[in-house]
There are 4 protein chains.
Amino acid sequence: MIRAAVAGATGYAGAELVRILAGHPEVVLTVLTSRQYAGRSFDSIYPAMAGTITAQCESFDADSVCERADVIFTALPHKLPMDIIPGLMERGVKVVDLSADFRFRDPELYEAAYQPHAARDLLSEAVYGLCEVFADDIGNARLVGNPGCYPTSVLLPLAPLVKAGMIDTGSIIADSKSGVSGAGRSLNMTSLFCEANESFKAYKVGSHRHEPEMEENLTRMAGKPVNISFVPHLVPMNRGMQTTIYASLARDAGDEDIRNCMLEYYEGCRFIRITRDGRPPDTRDVRGTNYCDIGFVIDRDHGRLILMSAIDNLVKGAAGQAVQNMNIMWGLAETVGLTGVPFPV
Amino acid sequence: MIRAAVAGATGYAGAELVRILAGHPEVVLTVLTSRQYAGRSFDSIYPAMAGTITAQCESFDADSVCERADVIFTALPHKLPMDIIPGLMERGVKVVDLSADFRFRDPELYEAAYQPHAARDLLSEAVYGLCEVFADDIGNARLVGNPGCYPTSVLLPLAPLVKAGMIDTGSIIADSKSGVSGAGRSLNMTSLFCEANESFKAYKVGSHRHEPEMEENLTRMAGKPVNISFVPHLVPMNRGMQTTIYASLARDAGDEDIRNCMLEYYEGCRFIRITRDGRPPDTRDVRGTNYCDIGFVIDRDHGRLILMSAIDNLVKGAAGQAVQNMNIMWGLAETVGLTGVPFPV
Amino acid sequence: MIRAAVAGATGYAGAELVRILAGHPEVVLTVLTSRQYAGRSFDSIYPAMAGTITAQCESFDADSVCERADVIFTALPHKLPMDIIPGLMERGVKVVDLSADFRFRDPELYEAAYQPHAARDLLSEAVYGLCEVFADDIGNARLVGNPGCYPTSVLLPLAPLVKAGMIDTGSIIADSKSGVSGAGRSLNMTSLFCEANESFKAYKVGSHRHEPEMEENLTRMAGKPVNISFVPHLVPMNRGMQTTIYASLARDAGDEDIRNCMLEYYEGCRFIRITRDGRPPDTRDVRGTNYCDIGFVIDRDHGRLILMSAIDNLVKGAAGQAVQNMNIMWGLAETVGLTGVPFPV
Amino acid sequence: MIRAAVAGATGYAGAELVRILAGHPEVVLTVLTSRQYAGRSFDSIYPAMAGTITAQCESFDADSVCERADVIFTALPHKLPMDIIPGLMERGVKVVDLSADFRFRDPELYEAAYQPHAARDLLSEAVYGLCEVFADDIGNARLVGNPGCYPTSVLLPLAPLVKAGMIDTGSIIADSKSGVSGAGRSLNMTSLFCEANESFKAYKVGSHRHEPEMEENLTRMAGKPVNISFVPHLVPMNRGMQTTIYASLARDAGDEDIRNCMLEYYEGCRFIRITRDGRPPDTRDVRGTNYCDIGFVIDRDHGRLILMSAIDNLVKGAAGQAVQNMNIMWGLAETVGLTGVPFPV
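Residues numbered from 1 in each chain as written. Chains lettered and ligands numbered in written order. Predicted model: local features only at pLDDT ≥ 70, side-chain atom pairs only at ≥ 80, totals over all residues. Heavy atoms only, no water.

1. Section: the domain arrangement of chain A
All names here are of chain A. The condition that has to hold: Where each domain begins and ends follows an automated or database-derived domain assignment. Between two residues, a contact is recorded if the distance between any of their heavy atoms is within 4.5 Å. Buried area: the sum, over both parts, of the accessible surface (1.4 Å probe) that disappears when the two are put together. Whenever a carboxyl oxygen of Asp or Glu lies within 4 Å of a side-chain nitrogen of Lys or Arg, that contact is scored as a salt bridge. Under the rule applied, a polar contact is a pair of N or O atoms within 3.5 Å (in protein, one hydrogen donor and one hydrogen acceptor; residues adjacent in sequence only if both atoms are side-chain atoms). Put simply, DSSP H or I for four residues or longer makes a helix, DSSP E for two residues or longer makes a strand, and each gets a number counted from the N terminus.
Split into domains, chain A comes out as domain 1 (2-125) and domain 2 (150-313). Its C-alpha centre places domain 1 at a distance of 27 Å from the equivalent point of domain 2. Contact residues are listed per partner, giving 15 residues for domain 1 and 11 residues for domain 2. With both chains or domains summed, domain 1 and domain 2 bury close to 1200 Å², and 49% of this area falls on carbon and sulfur atoms. Along the contact surface separating domain 1 from domain 2 lie 2 salt bridges. A salt bridge links Arg239 to Glu16; the nearest nitrogen and oxygen atoms lie 2.5 Å apart. Inspection of the region where domain 1 meets domain 2 yields 5 residue pairs in polar contact (both at pLDDT 80 or more). Elements with a minimum of two residues in the side of domain 1 that touches domain 2: α1 (12-22) and α5 (107-113). In terms of residue count, α1 provides more of the side of domain 1 that touches domain 2 than any other element does, 3 residues in total.

Following this line, the structure appears as structure tokens:
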């Protein structure tokens, strides 16, 4: 059994990690840390878990955590992870970090979007945990930077096509929409029920910090610099993320060409579902699951491809992909612990 | 392995049965029937299930179903089950019926609330499937009438106290609130998003057909006729049912007395969770689970007990309890296949 | 024209006052105060109002406000109003206070539920602003304590029947449900979208501070001490409050008796609508309006009356009733400025 | 006073017309027709209107309607209007049609997207009622084709820039999101609460019938053929429509250039609000109002302009714009009857 610790267990992503790991047949959850709720039982914070997760939350202590865990999931605010992860790795544990701190290869990109990086030397070792794309690297990794939710929803539909040179990488536009849980469990005005309900709007237009993360990885895939236009929007629902991508086709291609390109690239990838006949993926169909559903339509008038993806921002966009990364790191089938039957409604 | 069929698999309760049974370690789903969608794959109706439930829906045919199933869950509109279940039982299968047709012992009560009963003789054999209360009878049953969602949410908190004579059974008032999925997947005006959203109202005040179902069972528990006042309300959410019950205490009792009465009665019942210190149960804490959370407060000014329960109307209020009934009928632990970790959000 | 000031203009109740007063034909809004947003334009806080309410919010200064206003609406947290209102009244303005500070006649009741009262002597002068019940007193008032939202929804259906002695005042149970805006615009965990959405629960069972407010007024109406059981619940919607009341009939009465009692008592009261044939009032039908819709059903089995009311908690439950109070204080028709056509959806 | 009739008064757009017209100071509502609810009072269909709109719905009869009305708003399903409007016009009334039947100049475009047109000769007379753009034509019109909700949200932000030649018309992509009321009050599966709630998805990708309507008008504005890519999405909320538009700048331009182009074009247009500093417009800020809020950000990396608009699909996207059209046709100020103060929440 893999002994797992969740640092930052009481935020939404952390609690979702707890949910998934508690049902994972190869994992035993040994440590839950929480700055805010140290000393309280997990199920007093999330009463849903009463009788299921009764462990106490504790303060983070590197020595203590590393003694009891083989893998640590850090679901902490940006900046904290880069301070503590070097120490964890010295103690010999593996780490899946859900913050942005180890998502970038290029420290300049990170620092332009976030802040000075305190563990630059680890960036070259860290692996970007987009499972279906970088599985080989992940398998050998000691430290995985788990992708952001928006980048996951944008990169998965694009990866096969960009790698195959089928789209004009200068033309990519990603229009994304996220449920409110994407903002986490912190108290801010825009997350209040009465502010988010019966409301739809864009935010951080052209300045969201997930955009350089997308671009660094699209650049790797394309083998040349890629810049995109990205606009995130807020949807009045708890979970779910939908992205519609517009890109010019680099060469003439029909539905079957696009479909085959995707099916070949994602052969054997159980969590990627390509819809049929252009059916647009719906966030409700992936709620609570690790699926990324992808659909597409070719807009012949403009030689433009319209790609659509749907994920659960807390699962494939965070905790689910993190566990999938752990599975790959430990040589397990990538689906272990992630195959709960979806809810019909 | 138990071979299970779901008749009426594409309604919300039927689809929830499919979800739960597909994850049940002792069950193999062999037949899904649907009048409306016969010939189509289940996952074309519920794309969430793509790759998980790809079986075809078929028309209902008693011979064919009974050959391939040991247990049949009938999730059909009232009246259909009483026509087909006698034939199923003659063929030797066991049945859990999710309609009202076999919930009553007294055919007069059924007929007053519904319509003439076509299988009156089976009523005496059928067992009311309120698992925690009638487990012994269920264990020997060939036919279980699965309780209504409202009765489940009302009877579970009341059963221990009524049986112990702790409350004045003439004083019971149940104020219930249900998510919209309780109305099923049929097309009616009040289930439209724009009609139900940003709306809260009572309906069928004093005339809901679940009221006689509650009363027949409270009468059995009390050993004397019990009538209650019951008002259901509609809440703008998908899943969840909350009930607040008001009843006069029959004798002086303190928090510990009430609490102990419940804990003793429900000892070993994994799906009943009594909250501490009067914390009101929240439907979000039971969403997707088979739990019934119960809390209470004594209103000392009036010698009145305030009981609160929360269930997921589609799980403990329908499909989950149905599977729990099957588990009991087959001598399995009642929790098998029903222990998914709850969602934090 | 009446010069009106709103103190605490940027909370939800304050902003709703601004909305209503801005459309009131006899009012000119002269002062908006906000501790948090002083120096900013109102429409930068509520962009909906861009081009409509461009005035700047300012810090509260008694001299300055009283020079420019004939009436001050204080939409401030409890405790602040009792400190500042005596000074306002000395300066000769009239006040409608939306906090609890001047809702009680008996200072002991206030102090038991809230805190020591700093302006006890004003309590005897202050009038409880339940418009349809205490219109005569309000007409002569200099200071009105605007009723709480829950008391409004409970007292309006009960007043005619309690006054007529038609119900047993020892038997009253009020089960209320409120939209999330009732919690105001402050940052607390339970008001977060992901906590309130897809959730339904009771809160503050038997301890909500609106209960003594109801009881003091029911006692006045009944001419003898009245205690009730009251349980508030939280509904995932922005606006709206529904209450279902259960009470034993004091004497035999039929539908027409109840209906006539109400119609007579509320004759000429434009904002009270009694539904026909027991149709349950729906919060969506009063959204954005000053209506209180009331329906009822007699539960003959128990000689029990089931009363239901629906209001918009921010309008009839707060800002609308406050403006109605002002209308009465100034001798205007009570409906002036409050007759916007309701939204169909 | 203008005597107004609403044909199809009980759908969502029709009911919203009733709401607005009932509060219009220059209008008297004389006729409400409804096929489904003929013979019933309007407020029995929409109880929100009890005491406000008590008129009876009647069957449509051209003679009878035309005798009692100066203007007829036809809020009927496509195809019905083209059959009845010729007869209405012969009787001398003016018509604002909310269907698609008279939105096109080119009958071929209409017929390709809808069906054969039964009143082709009227198409040349009919005026496209995009008020801020075609006010002059509308002023002289007897028949106005009221724009679709999506076209309104797309054309208003684009019109000034397309006319000024500031954007490359071959590059336009419109990603739109609509509340569920856009689907009307008819019974279809995707409009059920449980299907739309906690869900976000695209639909009719590349095949929505509003796309040719946009293109015909963009072509008029640009003076050359314009094709766009358009993807509509469904948002779990009642009202509101947001569109994010991506287009390449035709020439170098800064924020002030774009802003000034819009401000000049929309000078004096009270219902167009350009937000400052790129603030994204939010549907909640226009709910229940006739505003179209517009924001923009220049994406310098790609020389791309990102335009965002927010409208209430039932008001500026339907009934509000229809009344604005009537105001212009009658020479009233365009804002009469449309200036209700917005709701803060």
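From this point, things continue past the structure.
2. Some details on the packing of aromatic side chains
Residue and element names in this part refer to chain A. For the record, the criterion: In this scheme Phe, Tyr and Trp rings, the latter by its six-membered ring, pair at centre separations within 6.5 Å, and the angle between planes marks the pair as stacked below 30 degrees, edge-to-face above 60, and tilted otherwise. Burial classes: relative accessible area under 20% of the type maximum marks a residue as buried, over 50% as exposed, and values in between as partly exposed (1.4 Å probe, protein chains only).
Across all of its chains, the model carries 38 aromatic pairs over all chains by this definition. Ring geometry for Tyr110 versus Tyr114: centroids 4.8 Å apart, planes at 15°, classification stacked. The buried category is assigned to Tyr110, whose relative accessible area is 0%. Among the residues examined, Tyr114 registers a relative accessible area of 12% and is labelled buried.

3. Brief notes about the environment of Ala250 of chain B
All names here are of chain B. Inspection of the secondary structure assignment puts Ala250 in the loop between β10 (241-248) and α11 (255-265). Overall, Ala250 belongs to the partly exposed group, its relative accessible area being 47%. Placed 104 residues apart in sequence, Ala250 and Asn146 show a C-alpha to C-alpha distance of 30 Å. What Ala250 contacts, discounting residues up to four positions off in sequence, is Gly165, Met166, Ile167 and Asp168.

4. So, the interface of chain B and chain C
Test applied: Polarity classes work like this: nonpolar for Ala, Val, Leu, Ile, Met, Phe, Trp, Tyr, Cys and Pro, charged for Asp, Glu, Lys and Arg, and polar for all others, with Gly in that last group.
Listed per partner, the contact involves 44 residues of chain B and 44 residues of chain C. Here chain B packs against chain C, burying approximately 3500 Å² in sum over the two surfaces, 53% of which is carbon and sulfur. There are 6 salt bridges connecting chain B and chain C. Taking the shortest distance from any N to any O, the salt bridge between Asp175 of chain C and Lys177 of chain B comes out at 3.3 Å. For the side of chain B that touches chain C, the secondary structure elements donating two or more residues are β7 (173-178), α9 (193-196), β8 (201-202), β9 (229-234), β10, β12 (292-299) and β13 (304-311) of chain B. Here the side of chain B that touches chain C gets 4 residues from one element, more than from any other, and that element is β7 of chain B. When its residues are assigned to classes, the side of chain B that touches chain C shows 20 nonpolar, 12 polar and 12 charged.

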